[in-house]
Amino acid sequence: MAELLSSPVNPAFALLIAGFLMALLPDWRQRKFVALAAPLVALWLWMQVSVFGSYGGIHIAAIGLDLQPFRFDGLSRIWALIFIIAAFINAIYSLHERDRVQDAMAAIYGGSAMGAVFAGDLLSLFVFWELTAITSVFLIWRAGTAASRKAGMRYLVMHVGSGVLLLAGAVLLHSQTGSWAFEHIGLETGLAGWLLFLGFGIKAAFPLLHSWLQDAYPKATISGTVVLSSFTTKMAVYALARGFAGEDILIYIGMIMTAFPVFFAVIENDLRRVLSFSVNNQLGFMVVGIGIGTTLGINGAAAHAFADVIFKGLLFMSVGAVMLRTGTAKATELGGLFRSMPFSAFFCLIGAAAISAFPLFSAFVSKSLILAAVADEGHWFVFGVLIFASAGVLEHAGIKIPYFAFFAHDSKKRPKEAPWNMLLAMGIAAFLCIFLGVNYGWFYSLLPYPVIYEPYTFVHIVGQMQLLLAAIFAFGLLIRIGLYPPEVRMTILDVDWLWRKPLKHLALWLNAISDRLFAAVENAIDSKIQNAGRSLTALLSPQGAFARIVPGGVLTGWAAAFLLIALFIAYLAKS
Amino acid sequence: MAKASKPASKKPTADKNTSSGGADGKPDDGIHPAARPFLWLGSHGVQRNFMWFIGVLMVISIAMNYIKKPYGYFEWEAAIGGYAIFGFLAFTFAVLMGWPLRKLTGRSEDYYEDEGGEDDG
């Protein structure tokens, strides 16, 4: 008992309990206090764990169940910390909101993501995995629009489906190995491994499975989008790092993930959707690092996930501030907002510099680790695509977001600056973007493995500056000569078109056809039954044929005939 | 005789999300005080010519390759201005591909209207 009490407590519980508590608290001030306090308590619990290990395990010998809900090691440690930081910043960002459902769901969602990261067995992982899906969808639905309701349903189908695949894979794996442990899985485990891989891949927004992200995130509430960008995809990246590190296929999946969103983001008008494509792009870098699978690659993926939560959150926050004040995130309706929202513009520029990997900013360090890992393994083509994608990131997240929202043509909109709490949240995130880029030694100390890599060499800095400056120069030139595609209000189709249009219509058509078919069969059966009924009625009813008075001779004749037949059959049987 | 009551003031109320009037009585242009020193960033000339400033910086960064010869894992990384050429071409390619991609995938804004449209949400 004493051992149990002195055992470290899972920091995820702080957020989970806070979430359930907030659901019961009607007073918004109390809820906000809990929302701010919970990440601090989680951080304190996180700091109490000094030794790597698995704590609070539950073993039920009768059914051979061994649950490890709190595994604290190098990999889970860094992911948990960034989730705690994100929960705290997000709580500040949404201080002005008075939505009990969102407050509660955001906390439970963050706690579930952390719980998944600490899960040492596949069953615990499954529970938290599904809990993230169920809670996060409320952040989409609370936007209250018809589009958000439908997008939320599509999101839920994909994410619950991901959990089902996870569970199926876990059960299959258990039948093969006799263990529920969540360790390296690998695709060599066959169907079980593939099911788990696909389950993780849906949440990591693998190509062709990615559209839920661009579909749902831009339709969520303003703070909901910020919260969503922090947890789900990074949790999936963690799961891949834990279960499938070193799988070559991830290198190529990640490579595609970095490249294809670049093209879509160029022509997208909704800035929150642009950032959603950017989420995909940055996830690609992490997935490549995991696919490389060396200690440098895994460190790179972990570092980039950590940095991404902050700079991507910052960009979503700045666009959210614009949306709060102007009511839109459409590039066509924005521009010149730096005049009235200078602090939001400044923080947005810091986020843009961080995601673009300018020296002294966080991604310069984290992305370099991944690129070095790729180059070390001699993947020259993948390396080239990642450099291309780095220029692409600059285009859509580094330039497009701040330029079209805060600069470009003057939209004549003069909204108020964002509320103080939003500015504070953005300020903390901006500080961290620079802090991680400058104090990279501290950043390295959080990574799962020891790091021997110096990002700030003369040649590296010059090379990166060349890449970025040349790309910005190209932007200016293309704008000047009119070759940059102008922002246009339109819908850009993605892979989800397949099930939102043709498959939907096919389903509706099949439904209509089956309705008609069933109706026709039903009518046919009904008419047969009615005919039979009529015949029987005609035969047996009081007015029927059997009831009619017939001459006695006819009946005698029938009786004699039946008797003869019976005698004949009896004779045959006897002989 | 009872005074005729004054009609209610028709003074427009400021949108709660837009800047309120200046305290000094001057007409409010909605500019944030912290932004005033940077208003030149919004001028057409600055925005149009900003690229030349970046261009000069780019040339300087390329010239730095002569101070210390670049090196890298792959051959093109060791070329003078290799990253600048790659960055320029990559960016231009990504942007120019937007034209055919928009033709291919662009639809009217109410394309998904049957499900409530793609509104700001």
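Residues numbered from 1 in each chain as written. Chains lettered and ligands numbered in written order. Predicted model: local features only at pLDDT ≥ 70, side-chain atom pairs only at ≥ 80, totals over all residues. Heavy atoms only, no water.

(A) Representation of the overall build of chain B. Along chain B, the regular secondary structure elements total 3 helices and 1 strand. Each helix and strand of chain B, ordered N terminal to C terminal, gives the series α-α-α-β. The buried share of chain B, taken over its 121 residues, is 28%. For chain B, the exposed surface amounts to about 8400 Å²; the carbon and sulfur share of it is 66%. (Helix = DSSP H or I, 4+ residues; strand = E, 2+ residues; numbered from the N terminus. Buried < 20%, exposed > 50% of the residue type's maximum accessible area, 1.4 Å probe, protein only. Areas by Shrake-Rupley, 256 points an atom, 1.4 Å probe, with all protein chains shown as cover.)

(B) Inspection of the packing of helix α11 (residues 248-267) of chain A against helix α12 (residues 271-292) of chain A at higher detail. Residues and elements named next belong to chain A. Two elements in contact, α11 and α12, have axes whose closest approach is 7 Å; the angle formed by their N-to-C orientations is 160°. Taken together, α11 and α12 sit at an angle that is classed as roughly antiparallel. Both α11 and α12 take part in a crossing whose hand is left-handed. For the contact of α11 with α12, the residue count by class is 18 nonpolar, 6 polar and 1 charged. (Axes fitted to C-alpha atoms, helices over the stretch in contact; angles between N-to-C directions. Parallel < 35°, antiparallel > 145°, perpendicular 65-115°, else oblique. Left-handed = near helix turned anticlockwise from the far one by under 90°. Nonpolar A, V, L, I, M, F, W, Y, C, P; charged D, E, K, R; others polar.)

(C) The pattern of salt bridges, seen in detail. Under the defined criterion, the tally for this structure stands at 21 salt bridges over all chains. A:Arg31 is the salt-bridge partner of A:Asp103, the closest N and O atoms lying 2.9 Å from each other. Placement of A:Asp103 in helix α5 (residues 100-118) and of A:Arg31 in helix α3 (residues 28-48) is noted, with a sequence separation of 72 residues between them. Overall, the relative accessible area of 7% leaves A:Asp103 in the buried class. Note that B:Glu109 and A:Lys330 form a salt bridge whose closest N and O atoms lie 3.3 Å from each other. Placement of B:Glu109 in the segment after β1 (106-107) and of A:Lys330 in the loop between α13 (295-326) and α14 (342-355) is noted, with the two residues assigned to different chains. (Salt bridge = Lys/Arg side-chain N within 4 Å of Asp/Glu carboxyl O.)

(D) Inspection of the confidence of the model for chain B at higher detail. All names here are of chain B. The pLDDT averaged across chain B works out to 78; a share of 70% of its residues lies at or above 70. The least confident element of chain B, judged by mean pLDDT, is β1 at 91; the most confident is helix α2 (residues 82-96) at 95. Segment residues 1-16: pLDDT under 50, and 1 contact once partners within four positions in sequence are set aside and those in other chains are kept. With pLDDT under 50 throughout, residues 19-23 is counted as low confidence; its partners more than four residues away or in other chains account for 8 contacts. (pLDDT = per-residue confidence, 0-100. Contact = heavy atoms within 4.5 Å.)

(E) Expanded view of the interface of chain A and chain B. If you look at the interface, chain A gives 81 residues, while chain B gives 70 residues. Both sides of the chain A and chain B interface together cover about 6800 Å² of buried area, and 65% of this is carbon and sulfur. Contact with chain B buries surface across chain A, with A:Gln466, A:Phe473 and A:Arg480 losing the most and accounting together for 11% of the total. Run the count over chain A and chain B and you get 2 salt bridges. A salt bridge links A:Arg489 to B:Glu109, with the nearest nitrogen and oxygen atoms 2.8 Å apart. Our count for the chain A to chain B interface comes out at 18 residue pairs in polar contact (both at pLDDT 80 or more). No other element matches the 17 residues that helix α19 (residues 458-480) of chain A contributes to the side of chain A that touches chain B. Considered class by class, the residues forming the side of chain A that touches chain B number 50 nonpolar, 12 polar and 19 charged. Here strand β5 (residues 491-492) of chain A runs beside β1(B); their pairing, made up of 2 bridges, is antiparallel. In the strand pairing of β1(B), A:Thr491 is matched with B:Arg107. (Buried area = accessible area lost by both parts, 1.4 Å probe. Polar contact = N/O pair within 3.5 Å; in protein donor to acceptor, adjacent residues only side chain to side chain. Pairing = 2+ DSSP bridges.)

(F) Examining the nonpolar core more closely. Ranked by internal contacts, the top residues of the largest apolar core, which has 218 residues, are A:Trp79, A:Phe200, A:Leu240 and A:Phe406. Not counting residues within four places of it along the chain, the set of residues in contact with A:Phe200 comprises A:Leu125, A:Trp129, A:Leu166, A:Phe182, A:Ile185, A:Ala236, A:Ala239, A:Leu240 and A:Phe244. (Core = buried A, V, L, I, M, F, W, Y, C linked by side-chain atoms within 4.5 Å.)

(G) The side chain of A:Ser94, seen in detail. Within the secondary structure, A:Ser94 is located in the loop between α4 (74-93) and α5. When neighbours within four sequence positions are excluded, A:Ser94 is seen to be in contact with A:Lys32, A:Ser223 and A:Asn421.

(H) Geometry of α3(A). Residues and elements named next belong to chain A. In this model, α3 (21 residues) spans 30 Å end to end at C-alpha, consistent with the 30 Å of a helix rising 1.5 Å per residue. In this structure, the buried residues of α3 make contact with α2 (12-24), β4 (70-72), α4, α5 and α18 (440-446). Of the residues flanking the start of α3, the one acting as N-cap is Asp 27, its side-chain oxygen 2.7 Å from the backbone nitrogen of Arg 29. (Expected span 1.5 Å × (residues − 1).)

(I) Focus on helix α15 (residues 362-376) of chain A. Residues and elements named next belong to chain A. Here α15 contains 15 residues, and its C-alpha end-to-end distance of 22 Å stays within 8% of the 21 Å for a straight helix at 1.5 Å per residue. α15 sits mainly inside the fold: 14 of its 15 residues count as buried. One or two steps after α15, the chain reaches Gly 378, where phi turns positive at roughly 75°.

(J) Spotlight on the side chain of A:Asn281. Residues and elements named next belong to chain A. By the element assignment, Asn 281 lies in helix α12. Given the relative accessible area of 0%, Asn 281 is considered buried. Here the side chain of Asn 281 touches Thr 258 through a polar contact of 2.7 Å, landing on its backbone oxygen. In contact with Asn 281, other than residues within four places in its own chain, are Met 257, Thr 258, Pro 261, Val 262, Ala 389, Val 393 and His 396.

(K) Broad picture of the packing of aromatic side chains. Throughout the structure, instances matching the rule amount to 46 aromatic pairs over all chains. With a centroid separation of 5.2 Å and an interplanar angle of 85°, the aromatic rings of A:Tyr403 and A:Phe475 are classed as edge-to-face. A residue pair is termed long-range when its members are at least 10 positions apart, and A:Tyr403 in helix α16 (residues 380-406) and A:Phe475 in helix α19 qualify at 72 residues. Aromatic side chains B:Tyr73 and B:Phe74 sit 6.3 Å apart centroid to centroid with 45° between the ring planes, which places their arrangement in the tilted category. The residue whose ring lies beneath A:Lys501 is B:Tyr111, and the NZ or CZ to ring-centre distance is 4.7 Å. (Phe/Tyr/Trp six-rings, centres within 6.5 Å; stacked < 30°, edge-to-face > 60°. Lys NZ or Arg CZ within 6 Å of the ring centre and 35° of its normal.)

(L) Geometry of the environment of A:Ile292. All names here are of chain A. Within the secondary structure layout, Ile 292 lies in helix α12. Ile 292 gets classed as buried once you look at its relative accessible area, which sits at 10%. Not counting residues within four places of it along the chain, the set of residues in contact with Ile 292 comprises Gly 246, Ile 251, Ala 373, Val 374, Glu 377 and His 379.

(M) Summary view of the packing of α12(A) against α16(A). Residues and elements named next belong to chain A. Two numbers describe how α12 lies on α16: the axes approach to 10 Å, and their chain directions differ by 155°. Our classification of the angle between α12 and α16 gives roughly antiparallel. Of the two elements, α12 crosses α16, and the hand of that crossing is left-handed. Counted together, Leu 271, Val 274, Leu 275, Ser 278, Asn 281, Gln 282, Phe 285 and Val 288 of α12 and Val 382, Leu 386, Ala 389, Ser 390, Val 393, His 396, Ala 397, Lys 400, Ile 401 and Ala 405 of α16 form the full contact between these two elements. Tallied by class, the residues present in the contact of α12 with α16 amount to 12 nonpolar, 5 polar and 1 charged.

(N) Up close: the state of the cysteines. Residues and elements named next belong to chain A. Using the criterion set out here, one finds 0 disulfides over all chains in the structure. The structure places no disulfide on Cys 348, whose sulfur is separated from the nearest cysteine sulfur, that of Cys 433, by 11 Å. Judged by its relative accessible area of 0%, Cys 348 is buried. (Disulfide = S-S within 2.5 Å.)

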